[in-house]
Amino acid sequence: MKNLEPNSTLTRALESAASSTGTEPDSAADFAGRHIGPSADDVAAMLKVVGAPTLDALMDETLPPSIRLNRALEIGPALSEPDTLRLLRSFADENQRMVSLIGMGYYDTHVPPVILRNVLENPAWYTAYTPYQPEISQGRLEALLNFQTLVRDLTALDVANASLLDEATAAAEAMALARRVAASPSKRFLVDSHVHPQTLSVLRTRAEPLGWEIHVTDPGVLTGEHADPADSSCFGALFQYPDTHGHLPDLTHAVRAVRSQGGIVAVAADLLSLTLLSPPGEWGADIAIGSAQRFGVPLGFGGPHAAYMAVRAAHQRHLPGRLVGVSVDARGRPAYRLALQTREQHIRRDKATSNICTAQALLAIAASMYAIYHGPEGLRRIAQNVHHRTAVLATGLRKLGRRLLNQTFFDTLTVDSSGDHAAILNRAAHEKLNFRVLTAATGLGTASGEPPYALGMSLDETTTDDTVEAIWRCFGGDLRFAEVDSSSMPSLPGIPAQLRRTTAFLTHPVFHSHRSETELLRYLRRLSDRDLALDRTMIPLGSCTMKLNATAEMIPMTWPEFGGLHPFAPAEQTRGYRRLFTALELALCEITGYDAFSLQPNSGAQGEYAGLLAIRAYHRSRSAPERNVCLIPASAHGTNPASAAMAGMQVVVVRCDEHGNVDLGDLARLCERYTGTLAAIMVTYPSTHGVFEEGIRTLCELVHAAGGQVYVDGANLNAQVGLARPADYGADVSHLNLHKTFCIPHGGGGPGMGPIGVKRHLAPFLPRHPLESPRFAHEPGPVSAAPYGSASILPIAYAYIRLLGSSGLTQASKIAVLSANYIAARLAPHFPVLYRNGSGRVAHECILDPRALKDTCGVTVDDIAKRLIDYGFHAPTMSFPVPGTLMIEPTESESKRELDRFCDAMASIRAEIRDIEQGRHAVEDSPLRRAPHTAVDLAEEAWERPYSRLAGALPAGNPADKYWPPVGRIDNVYGDRNLACSCPPVEADEAGR
């Protein structure tokens, strides 16, 4: 979780790792040459264009001398791809994979190979960006809409999102949604005493800074003749269904009790169980949340997994996360897009409903395809098989004289083990089974008469007859499954009749049309062909660092020794992961200068939140709870103020000057005004405007002098690795976007990882996890469900570091800066570059300013973005941080050839704009306003446009490599006014294709 050892330990550790593989220092230099796009000759040519004699001279003109790291990183030499994989294999081999019966919302699953190979391991899916440009994202948007429909149908609620980070944080989001919409003025939130313990912990973390009271109760006390209505007084409640110990509660009366007091009811529901159980929407729940992990997504020691949330229609405009809806394109054909509150934290900032930026798109897509692969009959069959085996297991345990603590169940049993607890566990180790160990201290429950020890066991689709027999042997019995499996056993014996599902689900044809591998494979190919991802083209998004992910980095992610471990498996079974975590933390400490890291936050926004909670806890430990003001520059990412508000802080905005820098005069005045209450400043460096501000050290000194802490947003670390370290120039804490700088794929909008680094004085306040460390001295608690967040993608980041080594990491930063300055130099004659430093340099990104064109000829930033599609490019970041502009980040992995192709496209678009300026045709009839051009547009018989078909659809020539957008420009206003968030009727789909 953290490391405070001196950095010399890093050098020894990495040298030891390298020597164990037999790699010579120079044998792996070729990887940097393959990852870094421009060759030595390209670099020389690019330097000539930007007007710098050498790469180091350019760095001197770009970075302030006061922050430069004037030594090499102590990471060690680069490893070759084979040696890096051997090193990671040595970690994996130290993990011990057992049959997991632990449950708690995590289950082993069979990943259909067609989905494993063609989604999780396919760069067409994992290198795509969030679908903010819907015309080039129709494939993944359809897949995400399928996910929403899956969730909507199973929960019987009106609208579902796509998606959230994990079940526990989804529960926290449900609590926040309940507070926004509830009629009750209460500050109390009821939590089922039988929720998963990690969910309760995350709820407590989220509630405490906001002044909300978590009241843990048994749903049964809310009903009955002796129930006190005051017990139901709350703004909301969360119930678990089935509960964490396997019991199936009838929650109907508890739901009514809470709603009668003006509260909102959320239910954490297991999706697979809902194929057999009456869904929450049918008995009054307002919100359903949970995880889709068991729908074909590996355990991964905790993640990444897609969580879900579904709500009643009345609450859809308060729904956090991403929401895919249906609109129409320029021809009136159905088309998909992100709807309503997409990126709303960038608009509403500290008033935002959530700080969520990253979703879990790749995993939601995989889960949706699992449902399509099996269909409703297949899902129900899997659920029936799981339930049947659980029933047979229960029968056998009763035959052995064992007492079951739950008489109703879907897939989980809790068994009294107090008589021979240790002996059972010893036999389980021999059988290679992991039970969930329960005591009164670890959440056995609150009911009277419970034993001091019990064991939980959750079955899943991978459970075999042999597994059930092994469980019986652990309890001292030698039974045979076939002998216990009586033909007279009733159907669904563990599910009460009133809780059985009677309604249909997944009736849309998409869940019935792709059952053969041939059909599913072709469906996946059709969808991916509708998208633009990094496997096709450069994605020049500013502040998003879209670099291509090396295949070698990706390979370990799906190794079963990493992917097959439960997040709460015993520590002695996860030694390989622990070695990996230590090595990665040490490397990140060396890169940033921080003393300790937490790998728990499973998104950048979660990292921001965890960092601010650490600052808050630090001030409280020093008897200064009044320090709650967070200064945030006007240019900051929208997640910054949203995270500060979630941490219970008061946001105060710091002005920026005319050059886009933080106004140090205004900062000084604010520091003086809030000297007794200042908690922190959140600053992005290099700035969101793409410049290394000269005054960063002064900024840190001003805040420290006023008693505050400095939070540096790590979104732009790609410009700093090996060149500068945040902790050295004054930062106290940062989150790092491993899905940016350290090459974890964006996955079409997720997964992400946002670990936080801190200086020594903040290390005690890193997020803890009670299931990892039951006793700890300080708050805060966990911010994610699993102790190490999305652990199974951490090997990617570590592989990236080891493949590049000290010199490669530094060279990557230099080339990222060079590439941005090259684009700025090439495009400056065509579009103004909005911000530069005093030497005329940008950092790793630049902002083009076409705003004047709207006044002179009506051309908007949207027109430029959509026209880029015709040239085969994803648009840069639009209208952030400055409305009406384009922010471009080329990264180090793009070749000069690709940079030139992009610059040529932008120059050509400027020439098309000039045609409009000179009156050759009106903007409404221009190729920009009509963009993007589809194949149907080109094939139409009547071409009544003032430009040729080729000029419209093939502006870059070379039709052999042409990307054809599947739809024309999408009507966003229509989509928000006519919201449709489930699969449209098949007739509409056919008409639109």
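Look up a bit, the structure's there.
The following paragraphs examine the structure supplied in this document. (Residues numbered from 1 in each chain as written. Predicted model: local features only at pLDDT ≥ 70, side-chain atom pairs only at ≥ 80, totals over all residues. Heavy atoms only, no water.)

1. What to know about the overall build of the protein
Short version of the rule: Put simply, DSSP marks the helices as runs of H or I at least four residues long and the strands as runs of E at least two long, and each gets a number from the N terminus on. Restricting the calculation to C-alpha atoms gives the radius of gyration, and the globule rule supplies 2.2 Å times the number of residues raised to the power 0.38. The cut-offs for exposure are 20% and 50% of the maximum accessible area for each residue type, with area from a 1.4 Å probe on protein chains only; residues under the lower value are buried, those over the upper are exposed, and the others partly exposed. Here, two residues are considered to be in contact whenever any of their heavy atoms come within 4.5 Å of each other. Accessible surface area values rest on a Shrake-Rupley calculation with a 1.4 Å probe, where residue burial reflects the displayed protein chains alone. Within this scheme the basic residues Lys and Arg register as positive and the acidic residues Asp and Glu register as negative, but His and the chain ends are omitted. A charged residue contributes its charge at one atom only: NZ of Lys, CZ of Arg, CG of Asp or CD of Glu.
Check the secondary structure of the protein and you find 33 helices and 24 strands. Radius of gyration (C-alpha) of the protein: 28 Å, near the 30 Å computed for a compact globule of 993 residues. Taking the principal axes of its C-alpha atoms as reference, the protein extends roughly 85 × 70 × 60 Å. Across the 993 residues in the protein, those meeting the buried criterion constitute 66%. By sequence separation, contacts in the protein at least 24 residues apart represent 78% of the contacts at least 6 residues apart. Carbon together with sulfur atoms contributes 49% to the accessible area of the protein, which is approximately 32600 Å² in total. One way to put it: in the protein the 92 positive side-chain charges average out to a point 2 Å from where the 106 negative ones average out.

2. Structural notes on the packing of helix H3 (residues 40-50) against helix H25 (residues 794-827)
What counts, and what does not: With axes taken as lines fitted to C-alpha atoms, and helix axes fitted only over the stretch in contact, angles between N-to-C directions fall between 0 and 180 degrees. Throughout this description, any angle smaller than 35 degrees is read as roughly parallel, any larger than 145 degrees as roughly antiparallel, any in the 65 to 115 degree range as roughly perpendicular, and the remainder as oblique. Each helix crossing is assigned a hand: it is left-handed if the near helix lies turned anticlockwise from the far helix by less than a right angle, otherwise right-handed if that turn is clockwise. Gly is put with the polar residues, along with every residue not named as nonpolar or charged; the nonpolar set is Ala, Val, Leu, Ile, Met, Phe, Trp, Tyr, Cys and Pro, and the charged set is Asp, Glu, Lys and Arg.
Here H3 crosses H25 at 50 degrees, and the two axes come no closer than 9 Å. One finds that H3 runs oblique with respect to H25. Handedness of the crossing formed by H3 with H25: left-handed. Seen from H3, the contacting residues are Val43, Met46, Leu47, Val49 and Val50; seen from H25, they are Ile815, Leu818, Ser819, Asn821, Tyr822, Ala825 and Arg826. Residues belonging to the contact of H3 with H25 are distributed by class as follows: 9 nonpolar, 2 polar and 1 charged.

3. Focus: the sheet that holds strand E7 (residues 287-291)
Here is the rule: For two strands to be treated as a pair, DSSP must find at least two bridges joining them.
Across the sheet, 7 strands lie side by side as E2-E8-E7-E6-E5-E3-E4; this open sheet has mixed pairing. Single-partner strands in this sheet number two, and they are strand E2 (159-160) and strand E4 (213-217). Bridge count between strand E5 (residues 236-241) and strand E6 (residues 264-269): 6 bridges; the pairing is parallel. When the bridges of E6 are listed, Gly236 appears paired with Ile264. Packed onto the sheet, helix H10 (residues 197-210) meets strand E3 (188-192), E4 and E5 and runs at close to 155 degrees relative to E4.

4. Some points on the pairing of strand E20 (residues 733-736)
Every second residue of E20 is oriented toward a common face, with Val733 and His735 on one face and Ser734 and Leu736 on the other, all of them buried. Both E20 and strand E21 (residues 756-758) contribute to a ladder of 3 bridges, which runs antiparallel. Looking at E21, one finds that His735 is bridged to Ile756.

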